[in-house]
Amino acid sequence: MLSKILNDLDEIQAKFETDSRDIDDNKLLENLRVKYLGRKSALTDMFKYMGQLPNDQKPILGQKLNVLKNLIQDRLDHIKQDLKVKTQKIEIDLSLPGQDVFRGKIHPIMQILDEIKEFFVGLGFTIEIGREAENDFYNFEALNIPPDHPSRDMQDTFYLHNELLLRTHTSPVQIRTMEKQQPPIRMLAPGRCFRKDTPDATHSPMFHQVEGLVVDKNTSFAELKGILLAFARFMFGSETKIRFRPSFFPFTEPSAEVDIWWENKNTGAGNWLEILGCGMVDPAVFDAVNYDSELYSGYAFGMGIERIAMLKYQIADIRVFYNNDIRFLTQF
Ligand code: DAH
């Protein structure tokens, strides 16, 4: 009888070895435990023979039973540990905040420029790119700025060699565009400008402007006003109020500066803040490009992009645009 029992135990062990091979979750593991170590298991059942065997055979069976029971228990413990490690690996807490991927951003100046372009391109304006290194003719003379005008002074203009200078405004692009093309013209010219200014909260030796020019047979100051009002409302909100203040520029006549009404919503206090210069193209400018000023009229405007950005975002110091401080730049 003993050898038959030992044989059965070997079979149980062989079967257990097959059954325990592909256990990949805790439920299967528990089923396996019940099947081999549970009260109704074949192994537990074998313990009943302990009472039936002769005394000298009992230790043999006892030892065999214990060895097999421990082997099964060990193996179950092992599988349990393995499962724990495995599930730990794939346990992902989906509610945890993700890690931010750092993406580059469009510089606030370029964002404002994109908005300005969007508005005017929608009205049929083309984008013209001029030159940063200009000569006296385009930057001054053709724009009706006389030789003794203070802006030509060494104090204001960066002069390069070979009669070149760094343009002090984007207005020379008006001249270049009119030279290469006949009316009608509707152009927008964005770009860098340079002036010999000492940097402070409102001055930078390099800054950006956008120039606008319209030339056609029947332009009017009223049309200019309408376009600039729509622009101010596009940029600063649909309730924005503007005013035209008489001014002077050598290349426009009449000339005006445009202010927007800037109001503190809480106190109601406010003031007029300048956003751009504009006017009707002076006939002397048309003469410089051989346009017939009896036939054509036009209007022009120019604005500082930094200035618009500072107003829109309430920034007090122009230098923050160029410091490359990521804490500032990522706010836009
Ligand atoms: N060029 C002027 C400046 O730098 C700005 C300006 C004023 C441009 C009036 C214009 C204009 O086209 O009509 O300060």
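Residues numbered from 1 in each chain as written. Predicted model: local features only at pLDDT ≥ 70, side-chain atom pairs only at ≥ 80, totals over all residues. Heavy atoms only, no water.

Novice: Describe the site of the ligand, with residues and values.
Specialist: For the ligand, the set of nearby residues contains 15 residues, the closest of which are His 169, Ser 171, Arg 195, Gln 209 and Glu 211. Within the side chain of Glu 211, a nitrogen or oxygen atom sits 2.6 Å from an oxygen atom of the ligand. Listing elements by their share of the shell around the ligand, those giving two or more residues are β5 (206–216), β8 (270–281) and β9 (297–304). Looking at the shell around the ligand residue by residue, the class counts come to 5 nonpolar, 8 polar and 2 charged. (Near = heavy atom within 4 Å. Polar contact = N/O pair within 3.5 Å; in protein donor to acceptor, adjacent residues only side chain to side chain. Helix = DSSP H or I, 4+ residues; strand = E, 2+ residues; numbered from the N terminus. Nonpolar A, V, L, I, M, F, W, Y, C, P; charged D, E, K, R; others polar.)

Novice: Could you give an account of the nonpolar core, naming the residues involved and the relevant values?
Specialist: Core analysis: the biggest nonpolar cluster contains 39 residues, and Ile 116, Phe 120, Ile 275, Leu 276, Phe 301 and Met 303 have the highest contact counts within it. Of all the secondary-structure elements, those providing two or more residues to this core are α5 (108–122), β5, α8 (221–236), β7 (252–263), β8, β9, α10 (305–313) and α11 (326–329). Broken down by element, this core gets its largest block of residues, 7 residues, from α8. Here Phe 120 is in contact with Phe 125, Leu 188, Ile 227, Phe 231, Phe 301 and Met 303, once residues within four sequence places are set aside. (Core = buried A, V, L, I, M, F, W, Y, C linked by side-chain atoms within 4.5 Å. Buried < 20%, exposed > 50% of the residue type's maximum accessible area, 1.4 Å probe, protein only. Contact = heavy atoms within 4.5 Å.)

Novice: Run through the packing of α5 against α10, naming residues and quoting values.
Specialist: One can describe the packing of α5 onto α10 by two numbers: an axis separation of 9 Å at closest approach and a directional angle of 100°. Here α5 is positioned roughly perpendicular relative to α10, judged by the angle of their axes. Across the interface between the two elements, Ile 109, Gln 111, Ile 112, Leu 113 and Glu 115 of α5 pack against Ile 305, Glu 306, Ile 308, Ala 309, Lys 312 and Tyr 313 of α10. The residue inventory of the contact of α5 with α10, partitioned by class, reads 7 nonpolar, 1 polar and 3 charged. (Axes fitted to C-alpha atoms, helices over the stretch in contact; angles between N-to-C directions. Parallel < 35°, antiparallel > 145°, perpendicular 65-115°, else oblique.)

Novice: Kindly report on the packing of aromatic side chains, identifying the contributing residues and their values.
Specialist: Going through the model one piece at a time under the given rule, you end up with 19 aromatic pairs. Cluster of aromatic residues (ring-pair linked, three or more members): Phe 119, Phe 120, Phe 125, Phe 231, Phe 234 and Phe 301. The ring of Tyr 138 is capped by Arg 176, whose NZ or CZ atom sits 3.7 Å from the centre of that ring. Positioned over the ring face of Phe 244 is Lys 225, at 5.5 Å from the centre of the ring. (Phe/Tyr/Trp six-rings, centres within 6.5 Å; stacked < 30°, edge-to-face > 60°. Lys NZ or Arg CZ within 6 Å of the ring centre and 35° of its normal.)

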